[in-house]
Amino acid sequence: MSKNKIVVAYSGGLDTSVMVHWLKNNYDAEIITFTGDLGQTKELSGLKEKALKSGASKVYVEDLRKEFVEDYVYPSLKAGAMYEDAYPMATSIGRPLLAKALVDVALKEGANMVSHGCTGKGNDQVRFEVSVGALAPDLKIIAPLREWEFKSREEEIEYAKKHNIPVAATKENPYSIDENLWGTSIECGVLEDPMVAPPEDAFQSTTSPENANDNGDDVSIEFVEGIPVAVNGQEMDSISLVKFLNAVGAKNGVGRIDLVENRLVGIKSREVYEAPAATILHFAHKELERLTLDKSVMHYKSIVAHEFSNLIYNGLWFSPLREALSAFVDKTQERVTGLVKVKLYKGTLRVTGRTSPYSLYDPALATYTAEDQFDHKASEGFIKIYGLPLKTYNRVTQKVKNDRKSAVA
Ligand code: ARG
């Protein structure tokens, strides 16, 4: 009988494969692996056999795609969450769900520990551990990469060979890649130099804008209360909709992001992202908000968006503030219903039309034709009172200048 029971967040890569064996030995533990499918395209085949061969006694692979898009991605879309105005949160919005699913398995299996393969200098360790802590305060968390003896990939491979742990014989990828339905994060290798443009081989799905077709593509996206429900007149379930926009965006070179960002752990890092669907949906959603949100709500909401993206990025999804801000965001979305037409062309997006049953754009007020209903005369009194404080202030300015001059003299 083993002393401990550990559920490992398992990807099937070198680190987590070595981890399974290492934890079993070093913690005298029974190992159960857990892998969540968030729509990553490359990693899931052969996973079960690999985990068992590495020493796991039981393997969980769960399809979390629908929950991911509807309960994590869409709330962040409605909030307009873009970390540092650029990163639509692909990796960071996946972590709380993976942590939650990991905790569910741990509680079901009566495990006393969970473990993950995040490094000791990234954001993901924080997101995992803070989320697990919030959901199951008494589970112990082990981060082998922070404590084990291996100093390099080669040492891990050597350990794997010695213990018959299956590792892929394919050539090592020069990049570290994390992928899900909402986007792909790519770092390491030559990308560590912020002065070097990302080589084409860094990109996993998008065509370069230069090579994209000359006609581009038109997409029309229909939203109901801030949530996309149909594309080009066709209703789609959430997973298909995101996949469809990823494909058409990728084909047009849309959604490449090159970002020097501020990590929670205090360093700047450079990451390249591919997120075509996220880029298109944030763009279209914002256009619909311009049409339907009251000015003060729209302006205030950008402050909330900023805070919301920080909460996600910094691992605080399961926090009372995030929940309270989500309630605010949902209230604002009650009228964000309508249709937005977007032209995708060689890496760019352009709005080509927008309409909503709840549009606040009133042609009778906006027009410069004879149909105009706006009360031009009322502007005169408005300006008088609106500008009054500045007149008063600047009448005093001259006196201030004179008084300061005579004080110096
Ligand atoms: N910088 C991103 C974040 O903190 C992605 C981190 C993971 N990146 C990777 N290439 N494995 O959310």
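Residue positions within a chain follow its written sequence, with the count starting from 1. It should be noted that, the model being predicted, local features are given only for residues of pLDDT at least 70 and side-chain atom pairs only at 80 or more, the latter also being counted only at that level, while totals for whole chains, interfaces and linings use all residues. Processing note: side-chain calculations cover all non-hydrogen atoms of the structure and skip hydrogens and water entirely.

1. Re the site of the ligand
No. 1: The rule for a residue being near a molecule or strand is that one of its heavy atoms must lie within 4 Å of it. Residues in close proximity to the ligand total 15 residues, the closest being Y87, N123, S176, E261 and E271.
No. 2: Residues adjacent in sequence count toward polar contacts only when both atoms are side-chain atoms; beyond that, a polar contact is any pair of N or O atoms within 3.5 Å, and within protein one must be able to donate a hydrogen and the other to accept it. Side-chain polar atom of Y87 to an oxygen atom of the ligand: 2.7 Å apart, as the coordinates give it.
No. 3: The contact in question runs from a nitrogen atom of the ligand to an N or O atom on the side chain of E261, over 2.7 Å.
No. 4: Going through the elements one at a time, α4 (90-109), α5 (124-135), β6 (176-180), β7 (183-187) and β12 (268-274) are the ones with two or more residues in the shell around the ligand.
No. 5: Take the shell around the ligand: its biggest share by element is three residues, from β7.
No. 6: Amino acid classes used here: Ala, Val, Leu, Ile, Met, Phe, Trp, Tyr, Cys and Pro are nonpolar; Asp, Glu, Lys and Arg are charged; the rest, including Gly, are polar. In the shell around the ligand, the residues fall into four nonpolar, five polar and six charged. Each helix is a run of H or I in the DSSP string that is no shorter than four residues. Each strand is a run of E no shorter than two, and both are numbered from the N terminus.

2. Focus: the side chain of T16
No. 1: Along the chain, the position of T16 falls in helix α1 (residues 14-26).
No. 2: T16 gets classed as buried once you look at its relative accessible area, which sits at 6%.
No. 3: Among the polar contacts listed, one links the side chain of T16 to the backbone nitrogen of S11, at a separation of 3.2 Å.
No. 4: From its side chain, T16 meets the backbone nitrogen of G12 in a polar contact 3.2 Å long.
No. 5: Contacts are assigned to residue pairs with any non-hydrogen atoms lying within 4.5 Å of each other. Look past the residues within four positions of T16 in its chain and what remains in contact with it is A9, Y10, S11 and G117. Using a 1.4 Å probe on the protein chains alone, a residue whose accessible area is under 20% of its type maximum counts as buried, one over 50% counts as exposed, and one in between counts as partly exposed.

3. A look at helix α7 (residues 153-162)
No. 1: Burial in α7 covers these residues: E156, Y159 and A160. The buried side chains of α7 occupy one side of the element, clustering within an arc of 100° when seen end-on. Exposed side of α7, more than 90 degrees from the buried face: E154, E158, K161 and K162 are the residues found there.
No. 2: In the stretch just after α7, N164 is the one whose phi turns positive, near 55°. Throughout, the arc means the angular range of directions from the helix axis out to the C-beta atoms.

4. Some points on the nonpolar core
No. 1: Note on terminology: a nonpolar core comprises buried Ala, Val, Leu, Ile, Met, Phe, Trp, Tyr and Cys residues joined through side-chain atoms within 4.5 Å. With 71 residues, the main nonpolar core has V7, F34, F68, I93, I221 and L245 as its most contacted residues.
No. 2: Per element, the largest residue contribution to this core is 10 residues, and it comes from α4.
No. 3: Residues in contact with V7, not counting those within four places in the same chain, are I32, F34, L102, V105, A106, A111, M113, V114 and S115.
No. 4: Among the nonpolar cores identified, the runner-up in size contains 23 residues, and V18, L47, M113 and I142 belong to it.

5. Quick word on a nonpolar patch on the surface
No. 1: A cluster of nonpolar side chains, L264, V265 and I267, forms an exposed patch at the surface whose accessible area comes to about 200 Å².
No. 2: Mapped onto the fold, L264 is located in the loop between β11 (256-262) and β12. Each patch is built from residues that are more than 30% exposed by relative accessible area and take part in no salt bridge. Like charges join if they lie within 9 Å; nonpolar side chains (Val, Leu, Ile, Met, Phe, Trp, Tyr) join within 5 Å. Exposure was quantified through the Shrake-Rupley algorithm and a 1.4 Å probe, taking into account, for residues, occlusion by the shown protein chains and nothing else. Each reported salt bridge corresponds to a side-chain nitrogen of Lys or Arg within 4 Å of a carboxyl oxygen of Asp or Glu.

6. Let's talk about the packing of aromatic side chains
No. 1: Paired rings are identified among Phe, Tyr and Trp, the last through its six-membered ring, by centres lying within 6.5 Å, and are further divided according to the angle between planes into stacked (under 30 degrees), edge-to-face (over 60) and tilted (the rest). Under the defined criterion, the tally for this structure stands at 11 aromatic pairs.
No. 2: The interplanar angle of 15° and the centroid separation of 4.1 Å between the aromatic rings of Y87 and Y273 together place this pair among those described as stacked. With Y87 in the loop between α3 (65-79) and α4 and Y273 in strand β12, the pair connects residues that are 186 residues apart, well separated along the chain. Take Y87 and Y273: they sit in the same class, and that class is buried.
No. 3: A connected cluster of aromatic rings, assembled from ring pairs, spans W22, Y27, W148, F150 and Y159.
No. 4: Here, a charge over a ring means that NZ of Lys or CZ of Arg falls within 6 Å of the ring centre while also lying within 35 degrees of the ring normal. When the ring centre of Y313 is taken as origin, the NZ or CZ atom of R127, which lies over that ring, is 4.8 Å away.
No. 5: R256 extends its terminal NZ or CZ atom over the ring of F203, reaching a point 3.6 Å from the ring centre.

7. A short note on the packing of α1 against α7
In a packed pair of helices, the relevant descriptors are the angle between the two axes and the axis-to-axis distance.
No. 1: Axis angles are defined between N-to-C directions and span 0 to 180 degrees, where every axis is a line fitted to C-alpha atoms and, for a helix, only to the segment in contact. Viewed as axis vectors pointing N to C, α1 and α7 meet at an angle of 55°, and their least axial separation amounts to 10 Å. The orientation of α1 with respect to α7, classified from their angle, is oblique. Helix-helix and strand crossings are classified by hand; for α1 and α7 the assignment is left-handed. When α1 is examined against α7, the residues L14, D15, V18, H21, W22 and N25 are found in contact with a partner set consisting of R153, E156, I157, Y159 and A160.
No. 2: Split into classes, the residues belonging to the contact of α1 with α7 amount to six nonpolar, two polar and three charged. Just so you know how the angles are binned, under 35 degrees is roughly parallel, over 145 roughly antiparallel, 65 to 115 roughly perpendicular, and the rest oblique. Note on convention: the crossing is left-handed when the near helix lies turned anticlockwise from the far helix by less than a right angle, right-handed when the turn is clockwise.

8. Points about the sheet that holds strand β4 (residues 113-115)
No. 1: For two strands to pair, DSSP has to find at least two bridges joining them. Strand order in the open sheet made by the five strands is β3-β2-β1-β4-β5, with parallel pairing throughout. Every other strand in the sheet has two partners, leaving β3 (58-63) and β5 (140-142) as the edge strands with one partner each. Pairs of neighbouring strands in the sheet enclose a mean axial angle of 25°, with direction left out of account.
No. 2: Note that strand β2 (residues 29-37) and β3 share six bridges and pair parallel. When the sheet's bridge partners are listed, T35 is paired in β3 with V61.
No. 3: Against the sheet, α1 touches β1 (4-9), β2, β4 and β5, its axis set at about 155° to β2.

9. Focus: the pattern of salt bridges
No. 1: The final tally for this structure, using the stated rule, is 21 salt bridges.
No. 2: Between D124 and R127 there is a salt bridge, and its shortest N-O distance comes to 2.6 Å. Residue D124 and its partner R127 are located together in helix α5, separated by three residues, close to a single helical turn. You'll find D124 and R127 in the same group, each marked buried.
No. 3: K301 serves as the salt-bridge partner of E289, at 2.8 Å between the closest nitrogen and oxygen.

10. Re the environment of E30
No. 1: Structurally, E30 can be placed in strand β2.
No. 2: By relative accessible area, which is 30% here, E30 ends up partly exposed.
No. 3: It is 4.8 Å that separates the C-alpha atoms of E30 and K5, two residues lying 25 residues apart in sequence.

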